[in-house]
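Residues per chain, in single letters:
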Amino acid sequence: METVTVKAGRNTFECNFSDKIMFNGACYILITKKIWVEWSEVSPTISKTEFNRLMKLGVLSEPHKTKLRFSEVQIYNFKLGE
């Protein structure tokens, strides 16, 4: 199975075809991974430069738009192992 390494802050994650990135208009969030911050479990935020690196590698698909409550978000899938 193919994987790609994604850096989110001080953490690194191995992502495969089942992982997703959400863009809510302000930041890119790796919604299928979780990290613990003090007493809470949260989804890690990746930087814009890390997202651009993944796009240049060609491992992310074109976004599909999804309605989430009152806003519209974009979901990117990983194209690994296809």
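Up top is the structure.
The structure presented is a predicted model; accordingly, all values stated were derived computationally and were not measured.

K.L.:
I'm lost on the overall build of the protein chain in this one. Help?
P.N.:
Each helix and strand in the protein chain was counted, giving 1 helix and 9 strands. When the helices and strands of the protein chain are listed from N to C terminus, the series reads β-β-β-β-β-β-β-α-β-β. For the protein chain, whose C-alpha radius of gyration is 13 Å, the value lies close to the compact-globule estimate of 12 Å for 82 residues. Once the C-alpha set of the protein chain is aligned to its principal axes, its extents read approximately 35 × 30 × 20 Å. Here the protein chain holds 82 residues, and 33% of them are scored as buried. A separation threshold of at least 6 residues defines the contact pool for the protein chain, and within that pool the share at least 24 residues apart is 39%. When the accessible surface of the protein chain is summed, it comes to about 5,800 Å², and 52% of that surface belongs to carbon and sulfur atoms. For the protein chain, the distance from the average position of its 12 positive side-chain charges to the average position of its 9 negative side-chain charges is 6 Å.

K.L.:
How should I be thinking about the nonpolar core in this particular structure?
P.N.:
Inside soluble globular proteins, nonpolar side chains tend to come together where they are buried. Ile21, Ile46, Leu54, Leu60 and Phe78 are the most contacted members of the largest nonpolar core, which totals 18 residues. For this core, the elements supplying multiple residues, two or more each, are strand 1 (4-8), strand 2 (11-15), strand 3 (20-23), strand 4 (28-30) and helix 1 (48-57). Examining the composition of this core, we find that 3 residues originate from one element, strand 1, more than from any other. Aside from chain neighbours lying at most four places away, what touches Ile21 is Tyr28, Ile29, Leu30, Ile46, Phe51, Leu54, Leu60, Gln74, Ile75, Tyr76 and Phe78.

Criteria and cut-off values
Residues numbered from 1 in each chain as written. Predicted model: local features only at pLDDT ≥ 70, side-chain atom pairs only at ≥ 80, totals over all residues. Heavy atoms only, no water. Helix = DSSP H or I, 4+ residues; strand = E, 2+ residues; numbered from the N terminus. Rg over C-alpha atoms; globule rule 2.2 N^0.38 Å. Buried < 20%, exposed > 50% of the residue type's maximum accessible area, 1.4 Å probe, protein only. Contact = heavy atoms within 4.5 Å. Areas by Shrake-Rupley, 256 points an atom, 1.4 Å probe, with all protein chains shown as cover. Lys, Arg positive; Asp, Glu negative; His and termini not counted. Charge placed at Lys NZ, Arg CZ, Asp CG, Glu CD. Core = buried A, V, L, I, M, F, W, Y, C linked by side-chain atoms within 4.5 Å.

Everything listed is a geometric property; what it means functionally is a separate question.
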